[in-house]
Amino acid sequence: MSVNTVQSPPGQAIRPFRVDVPEEALIDLRRRITETRWPEKETVTDDSQGVRLEMIQELARYWATKYDWRGCEARLNALPQFVTEIDGLDIHFVHVRSHHEDALPLIVTHGWPGSIIEQSKIIEPLTNPTAHGASESDAFHLVIPSLPGHGFSGKPTTTGWDPIRIARAWVVLMKRLGYTRFVAQGGDWGNAVTEQMALQAPPGLLGIHTNMPATIPEDVAKALQYGDPPPSGFSADEQRAWDQLDFFYKHGVGYAGEMGNRPQTLYAIADSPVGLAAWMLDHDAASYQLIARVFEGQTEGLSRDDVLDNATLYWLTNTAVSSARLYWESKLAFFAPKHVLIPTAVSVFPDEIYAAPRSWAEKAYHNLIYFNKVDRGGHFAAWEQPELFTTEMRAAFRSLR
């Protein structure tokens, strides 16, 4: 990867960035995939033991013989990418300005196991709405940073880079780019960072949007934690959210526990690309099942190349462990309401880890300006359902322009 410096005030240089992966790194990747030592097949006929052998072997076969990283590299290099140092750390970001000068500046933050690739499909329709059936008044200037320890951003060498510190860095970034009025969006860790920006309430932050809101009431959280029955009187939406969360806490949160407690122990996923891919794919049941269908030959919102673009980015940047440390750094209760006061918009995708009910969202966000349940999509909403996600962004922030 190469970086060139342009003139900026001392300590605030914004440097153009290009991705340039040596061919030797790609040869080594393919070698490691083909030399994977496989375990025996799972002893069940479902996904209850994790990523199934047949599925991950098909992924590995395609990765080693048909996948081409250079296509992803070219698409990334077609975007305006930059690096700037904030609080002692290099922050990589994509910055695409709309040709509509009155566009609303928007900073979008990915999560784990995501990256800027996750938002790549929404850039063109959000910055150039008139070419995609929308109005000039729907235009955004887009800033899409890579989280510290992720992608092409720097890897912290000391502790302290939690969502609160990242939120402060994002405010600095928007100011450094000259934006005095802006909005923010995120899901997963992106939501955690975006909510912290809202709590810090910097001048110029008009509002936020989340596709993975933190809304779980205290009594519900306690019942889930201790394995108690759900509180009585649930609506249908509240019961569905409970059922999703109950499954997640019993069967799906193991990866977060390991990364939150012992991220440095994950040497194996820094050494094995297949191990890394399996670890990333097993994030949540709905996303894993979608990806499994893709590698069975079905057509879904993501393609085989989409999945492997993201996994290959993690591999080539050697960020398996550095990205995991964010779970160790954060001391926030992930799904607990933070009682955000500034204008907030919520889009609920049905196959998210849990589909937040409006009743919970209204208590968590004290100025809820937009709430909508969409009919499809999951954890990687912008990546899987870019048209739907784009429509939600336009509607969510329309009243703040």
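Up top you'll find the structure we're talking about.
Within each chain, residues carry numbers counting from 1 in the order of the written sequence. Given that this is a predicted model, residues contribute local features only at a pLDDT of at least 70 and side-chain atom pairs are listed and counted only at 80 or more, while totals for whole chains, interfaces and linings are drawn from all residues. To get the side-chain values, all heavy atoms of the structure are used, and hydrogens and water are removed first.

Caption draft 1: Inspection of the pairing of strand 7 (residues 182-186) at higher detail. Only protein chains enter the area calculation, which uses a 1.4 Å probe; residues under 20% of their type maximum are buried, those over 50% are exposed, and those in between are partly exposed. Starting at the N terminus, helices and strands are each numbered in turn, a helix being any DSSP run of H or I of at least four residues and a strand any DSSP run of E of at least two. Taken across its five residues, strand 7 has five buried, putting it largely inside the fold. Strand direction decides the pairing type here: strand 5 (residues 104-109) and strand 7, joined by four bridges, are parallel. Paired with Leu106 across the bridge in strand 7 is Val183. Two strands make a pair as long as DSSP finds a minimum of two bridges between them. Note that strand 7 and strand 8 (residues 205-210) share five bridges and pair parallel.

Caption draft 2: Highlighting the packing of aromatic side chains. Working definition: rings of Phe, Tyr and Trp (its six-membered ring) pair if their centres are within 6.5 Å, and the pair is stacked with planes under 30 degrees apart, edge-to-face with planes over 60 apart, and tilted otherwise. Going through the model one piece at a time under the given rule, you end up with 17 aromatic pairs. Ring plane angle 90° and centroid distance 5.3 Å describe the contact between Phe334 and Phe335, whose orientation is recorded as edge-to-face. Relative accessible area serves as the criterion here: at 27%, Phe334 is assigned to the partly exposed category. Residue class for Phe335 comes out buried when judged on its relative accessible area of 8%. Aromatic side chains Phe335 and Tyr354 sit 5.3 Å apart centroid to centroid with 80° between the ring planes, which places their arrangement in the edge-to-face category. Of this pair, Phe335 sits in the loop between helix 14 (320-329) and strand 9 (344-348) while Tyr354 is found in the loop between strand 9 and helix 15 (358-364), placing the two residues 19 residues apart along the sequence. A network of ring pairs unites the aromatic residues Trp112, Trp189, Phe234, Trp242, Phe248, Tyr249, Tyr255, Tyr327, Phe334, Phe335, Tyr354 and Trp360 as a single cluster. Charge-over-ring placement is defined geometrically: NZ (Lys) or CZ (Arg) within 6 Å of the ring centre, and within 35 degrees of the ring normal. Across from the ring centre of Trp328, 4.9 Å away, lies the NZ or CZ of Lys331, which sits over that ring. Of note, Arg401 hangs over the ring of Phe140, and the distance from its end group to the ring centre comes to 4.4 Å.

Caption draft 3: Here's a closer look at the nonpolar core. Note on terminology: a nonpolar core comprises buried Ala, Val, Leu, Ile, Met, Phe, Trp, Tyr and Cys residues joined through side-chain atoms within 4.5 Å. Core analysis: the biggest nonpolar cluster contains 128 residues, and Leu59, Trp63, Trp69, Ile107, Trp170, Met197 and Phe295 have the highest contact counts within it. If one sorts the elements of this core by residue count, helix 2 (residues 53-65) sits on top with eight residues. Among residues more than four places away in sequence, those in contact with Phe295 are Met55, Glu58, Leu59, Tyr62, Arg304, Val307 and Leu308. Note on contacts: a residue pair is in contact if any heavy atoms of the two residues lie within 4.5 Å.

Caption draft 4: Region of the structure containing the packing of helix 1 (residues 23-34) against helix 2. Two elements in contact, helix 1 and helix 2, have axes whose closest approach is 9 Å; the angle formed by their N-to-C orientations is 150°. The pairing of helix 1 with helix 2 is recorded here as roughly antiparallel in orientation. Of the two elements, helix 1 crosses helix 2, and the hand of that crossing is left-handed. Where helix 1 approaches helix 2, its residues Leu29, Arg30, Ile33 and Thr34 are matched on the opposing element by Ala60, Trp63 and Ala64. Classification used: nonpolar for Ala, Val, Leu, Ile, Met, Phe, Trp, Tyr, Cys and Pro, charged for Asp, Glu, Lys and Arg, polar for all others including Gly. Tallied by class, the residues present in the contact of helix 1 with helix 2 amount to five nonpolar, one polar and one charged. In this analysis, axes come from line fits to C-alpha atoms, helices being fitted only over the stretch in contact, and the angle between any two N-to-C directions falls in the range 0 to 180 degrees. In what follows, roughly perpendicular refers to angles from 65 to 115 degrees, roughly parallel to angles under 35, roughly antiparallel to angles over 145, and oblique to any angle outside these ranges. By the definition used in this description, the sense in which the near helix is turned from the far one sets the handedness, with an anticlockwise turn below a right angle giving left-handed and a clockwise turn giving right-handed.

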